[in-house]
Amino acid sequence: FALDKYYGTREQYKEFIDECHARGLAVIVDVVYNHATGSHPWAKMWWSGNATAENNPFFNVTPTHPYNVYHDMNHENPMVKEHVKRSLGYLLTEYDVDGFRFDLTKGFTQTDSGGDNGDVAKWGRYDQSRVDILKGYADHIWSVNEDAVVIFEHLSDWDEEKVLAEHGMQLWRNVNHEYRSAVAGGTGNFSNMYSTDPFGGYVGYMESHDEERLCYGVGGDASSITWGVIGLGDDWNNDKKMSKDGAFFSVKNVTVAADDRFKIRKAGEWNDSFNYGAKTDNFKLTAGQGYKMTNGSGSKDMYVPAAGTYDIYFSLETETVWLMEAGKRPADPAVGGGEKEDARTVAMRRAGASAAFFLTVPGPKMIWQFGEIGYDYSIEYNDRTGEKPVVTDAYMAEPARKALYDTYSDLLKFRR
């Protein structure tokens, strides 16, 4: 319930907020009230072994929902509600913050869906108690500052989100999967980011602290990746790894059944940036003929023509696959002449196109830190919450990244 020490001292953070206000910037604080660690006094006062005790009035011994972190708070308890409201009021009055982004608001429930092994679908269904709890917190915020912004990471059933949005909250809207697919050269359906009922109810985002960077893995040398064939024998958990083979990557003497299907992907990782397949459903390959695949979330399974033993060849440069009779090899692929744009330049151009299909959509949007320069260190770099390199100067010196920055700038001016 305290501000993170990374923000500096209390006085330093107040100075930061004052400086932001002087420049016309609002400051919205991310708050985590769904759960607390075992160091919370209420947890320590009723504690048993390595968990909160059965008679703890403020915490659930077993989380009422999946995805819980630490110890699950009981928000139906009046003291918990008072505790949260006092915390919110203090931040509004003492620090003069302009609003809050609530973490994991779907967890503010006592409707038991079975904790870590729970029914995820059940957890997301309409829950009147949860709605009432969240409305109560929002109303308290607005009683202190009627202009405060209230954002929920809810990601729930739209019937519930609609009620919350109509009450004045804004709901986080995750479209990372579709935008990552687009930046990787695949398909992307961005319609989930927008709602007219009510208008402005979504805070759409392409990236977040929980979602992988748009440009991670798409701006480097993909030829150094270990590729694999996935799905044969209906096994989608183990890749048949491909080896570098001249102009190709290949795996040989693969025995397949008549109805086998497969895709080509980065070995050991389901990442739509490296996810190649057919352009249409139920596509059956022809032995000995190359097939130009599609990449990203829109790629489909490729079916073999008949049972047998095959060698599978993949050309990364031409994004083509060959299913060859064992021992036969396709001719080296013809790579287009002329000067080819490097992978990073292509990735930055695609990121700029995606920004155009993001910032021009009505309603509030979130740009995750350094997305406007194509930041491509993984969110897992130095652990999920660990420090990431600050590379602004180096990135801005690259023409392709500076062009992406200018695209964001021009789009935001156009938007205003």
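Worth saying up front: this structure is predicted, and the values here are computed from it rather than measured.

With respect to topology, six strands assemble into an open sheet ordered 1-7-8-9-10-23, the strand pairing being parallel. Two strands close off the open sheet at either side, each with one partner strand: strand 1 (28–31) and strand 23 (365–366). Of the pairings in the sheet, the one linking strand 1 to strand 7 (residues 99–102) comprises four bridges and is parallel in character. For Ile28, the partnering residue across the bridge sits in strand 7 and is Gly99.

Summed over all chains, the structure comprises 24 salt bridges. A salt bridge links Asp301 to Arg261; the shortest N-O distance between them is 2.6 Å. Pair noted here: Asp301 is in the loop between strand 19 (294–295) and strand 20 (302–303) and Arg261 is in strand 15 (residues 261–266), with a separation of 40 residues, a long-range link. The residue Lys402 makes a salt bridge to Asp406 at a minimum N-O spacing of 2.8 Å. Of this pair, Lys402 and Asp406 both sit in helix 10 (residues 399–415), four residues apart, roughly one helical turn. With relative accessibility at 31%, the residue Lys402 sits in the partly exposed group.

Looking now at the environment of Asp210. Checked against the element boundaries, Asp210 lands in the loop between strand 10 (202–205) and strand 11 (227–230). When its relative accessible area of 34% is taken as the criterion, Asp210 is described as partly exposed. Expressed as a C-alpha distance, the spacing of Asp210 and Met366, which sit 156 residues apart in the sequence, is 13 Å. A polar side-chain atom of Asp210 sits 3.2 Å from a polar atom in the side chain of Arg384.

Once that is clear, we can look at the packing of helix 8 (residues 343–359) against helix 10. Where helix 8 meets helix 10, the axes come as close as 9 Å, and the angle between the chain directions of the two elements is 10 degrees. Between helix 8 and helix 10, the interaxial angle falls into the category roughly parallel. Contacts between helix 8 and helix 10 involve Arg344, Thr345, Met348, Ala351, Gly352, Ala355, Ala356 and Leu359 from the former and Ala400, Arg401, Leu404, Thr407, Tyr408, Leu411, Leu412 and Arg415 from the latter. A per-class count over the contact of helix 8 with helix 10 returns ten nonpolar, three polar and three charged.

The share of residues in the protein with pLDDT of 70 or more is 97%, and the mean pLDDT across the chain is 91. Ranking the elements of the protein by mean pLDDT puts helix 4 (residues 120–123) last with 78 and strand 7 first with 98.

The next thing to look at is the packing of aromatic side chains. Within the structure shown, the criterion is met by 28 aromatic pairs. Here the aromatic residues Tyr33, Phe100, Phe102, Phe108, Tyr137 and Phe152 are joined through ring pairs into a cluster of three or more. The residue whose ring lies beneath Lys244 is Phe249, and the NZ or CZ to ring-centre distance is 5.2 Å.

Unfilled space is identified by rolling a water-sized probe across the atoms. Scanning the entire structure with this criterion turns up three cavities of 30 Å³ or more. In this structure, the largest cavity spans a volume of roughly 40 Å³. Along the walls of the largest cavity sit Glu207, Leu214, Cys215, Ala351, Gly371, Gly374 and Tyr408, which together make up its complete lining. Of the residues assigned to the lining of the largest cavity, the class counts are four nonpolar, two polar and one charged.

What follows concerns the environment of Pro198. Among the structural elements, Pro198 can be located in the loop between helix 7 (176–183) and strand 10. Placed 86 residues apart in sequence, Pro198 and Asp112 show a C-alpha to C-alpha distance of 30 Å. Excluding residues that lie within four positions of it along the chain, Pro198 makes contacts with Trp158, Lys162, Ala165 and Glu166.

Spatial strand order, 13-14-21-22-18: five strands in an open sheet with antiparallel pairing. Both edges of this open sheet fall to strand 13 (243–245) and strand 18 (290–292), since each of them pairs with a single strand only. Shown here is a sheet whose adjacent strand axes are inclined to one another by a mean of 30 degrees, direction ignored. Judged from the six bridges that link them, strand 14 (residues 248–256) and strand 21 (residues 308–315) form a sheet pairing that is antiparallel. Following the sheet pairing, Phe249 is matched in strand 21 by Phe314.

A word on helix 5 (residues 128–144). Over its 17 residues, helix 5 runs 25 Å from end to end, which matches the ideal 24 Å to within 8%, given 1.5 Å per residue. Where the residues of helix 5 are buried, they touch helix 3 (78–94), strand 7, helix 4, strand 8 (149–152) and helix 6 (158–167). N-capping of helix 5 is provided by Asp127, with a side-chain oxygen placed 3.1 Å from the backbone N of Ser129.

The rules behind each value
- Residues numbered from 1 in each chain as written.
- Predicted model: local features only at pLDDT ≥ 70, side-chain atom pairs only at ≥ 80, totals over all residues.
- Heavy atoms only, no water.
- Pairing = 2+ DSSP bridges.
- Helix = DSSP H or I, 4+ residues; strand = E, 2+ residues; numbered from the N terminus.
- Salt bridge = Lys/Arg side-chain N within 4 Å of Asp/Glu carboxyl O.
- Buried < 20%, exposed > 50% of the residue type's maximum accessible area, 1.4 Å probe, protein only.
- Polar contact = N/O pair within 3.5 Å; in protein donor to acceptor, adjacent residues only side chain to side chain.
- Axes fitted to C-alpha atoms, helices over the stretch in contact; angles between N-to-C directions.
- Parallel < 35°, antiparallel > 145°, perpendicular 65-115°, else oblique.
- Contact = heavy atoms within 4.5 Å.
- Nonpolar A, V, L, I, M, F, W, Y, C, P; charged D, E, K, R; others polar.
- pLDDT = per-residue confidence, 0-100.
- Phe/Tyr/Trp six-rings, centres within 6.5 Å; stacked < 30°, edge-to-face > 60°.
- Lys NZ or Arg CZ within 6 Å of the ring centre and 35° of its normal.
- 1 Å grid on protein atoms, 1.4 Å probe; cavity = no way out; pocket = protein on both sides within 12 Å on 5 of 7 lines; lining within 4 Å.
- Points joined across faces, edges and corners; volume = space filled by probe spheres on them.
- Expected span 1.5 Å × (residues − 1).

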